Amino acid sequence: MTGEGAVALANALRTNTALTNLDLSGGNEIGDNGAQELARALTENRTLTRLDLNDPTMTLSAVTTFALVLRDNRSLAHLRLRSLCGSLGRQAMVETLRRNSTLTELEVAEDDLSDERGNLLRALLQINREGLDVDDAFVFDLPDRVLRLGPSAIVEWLQRRTETSRTKSWWKRWVPWW
């Protein structure tokens, strides 16, 4: 599929009420414009739950468009991309996952998600999958040592920090001198 085909598909997705799984992984070169239009279609589409977009021609511009759109999307649970285009793309997805609890699977074919931002991404996806209740305000207060330990340590730290914060908040309301 070309960029023009992706734009036409995006227009159809805007009014789609039946399609839940879209696989565009087979040799497509839709480029940034096509990918951005597909992303924008997700602002109106409420039925698509899985999108496989393993396109080698997407750049950081398309990745950040997906990240921005997915902040408010409540239907897409699984997204597969070829790359997040480096640390800026990872950071955009971290920001998205702070607000989106629906996305539970993010597959990235070419990125190594074993660094600190990758660990944070995997932790936020785990939080979404398990339906955990954590205060996303603490996501960027994570100490580097916790980020290096991996997703499970991050989730545990966020849960403890959230619990402690809520306990202190309760005490402040009921015990004024606290």
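In short, a report on the structure. (Residues numbered from 1 in each chain as written. Predicted model: local features only at pLDDT ≥ 70, side-chain atom pairs only at ≥ 80, totals over all residues. Heavy atoms only, no water.)

### Let's talk about the environment of Ile30
Following the sequence through the fold, Ile30 ends up in the loop between strand 1 (21-23) and helix 2 (31-41). A relative accessible area of 4% places Ile30 in the buried class. Expressed as a C-alpha distance, the spacing of Ile30 and Thr49, which sit 19 residues apart in the sequence, is 20 Å. Residues contacting Ile30, with those up to four places away along its chain left out, are Met1, Thr2, Gly3, Ala6, Ala35, Leu38, Leu53, Asp55 and Thr57. (Helix = DSSP H or I, 4+ residues; strand = E, 2+ residues; numbered from the N terminus. Buried < 20%, exposed > 50% of the residue type's maximum accessible area, 1.4 Å probe, protein only. Contact = heavy atoms within 4.5 Å.)

### As for the nonpolar core
Counting residues in each nonpolar core, the largest one holds 49 residues, and the members touching the most others are Leu53 and Phe66. Filtering out sequence-adjacent residues up to four positions away, Leu53 remains in contact with Leu24, Ile30, Ala35, Leu38, Met58, Phe66, Arg80, Leu81 and Arg82. (Core = buried A, V, L, I, M, F, W, Y, C linked by side-chain atoms within 4.5 Å.)

### Observations concerning the packing of helix 4 (residues 87-99) against helix 5 (residues 116-130)
Each pair of packed helices can be described by the angle between their axes along with the distance between the axes. One way to put it is that helix 4 packs onto helix 5 with a least axis distance of 10 Å and a crossing angle of 25 degrees. Judged by the inter-axis angle, helix 4 sits roughly parallel to helix 5. Considering how the two elements wind past one another, helix 4 and helix 5 form a crossing that is left-handed. Contacts between helix 4 and helix 5 involve Arg90, Gln91, Met93, Val94 and Leu97 on the former and, on the latter, Arg117, Gly118, Leu120, Leu121, Leu124, Leu125 and Asn128. (Axes fitted to C-alpha atoms, helices over the stretch in contact; angles between N-to-C directions. Parallel < 35°, antiparallel > 145°, perpendicular 65-115°, else oblique. Left-handed = near helix turned anticlockwise from the far one by under 90°.)

### Notes on the packing of helix 3 (residues 60-70) against helix 4
Remark: helix 3 packs on helix 4, axes separated minimally by 8 Å, with the N-to-C direction vectors making an angle of 5 degrees. Comparing the axis directions of helix 3 and helix 4 gives the class roughly parallel. Contacts between helix 3 and helix 4 involve Leu60, Val63, Thr64, Phe66, Ala67, Leu68 and Leu70 on the former and, on the latter, Leu88, Gly89, Ala92, Met93 and Thr96. Class assignment for the residues of the contact of helix 3 with helix 4 results in nine nonpolar, three polar and no charged. (Nonpolar A, V, L, I, M, F, W, Y, C, P; charged D, E, K, R; others polar.)

### Thoughts on helix 5
Between its terminal C-alpha atoms helix 5 stretches 21 Å, which fits the 21 Å expected from 15 residues at 1.5 Å a residue. Within helix 5, the full set of buried residues consists of Gly118, Asn119, Leu120, Leu121, Ala123, Leu124, Leu125, Gln126, Ile127 and Asn128. (Expected span 1.5 Å × (residues − 1).)

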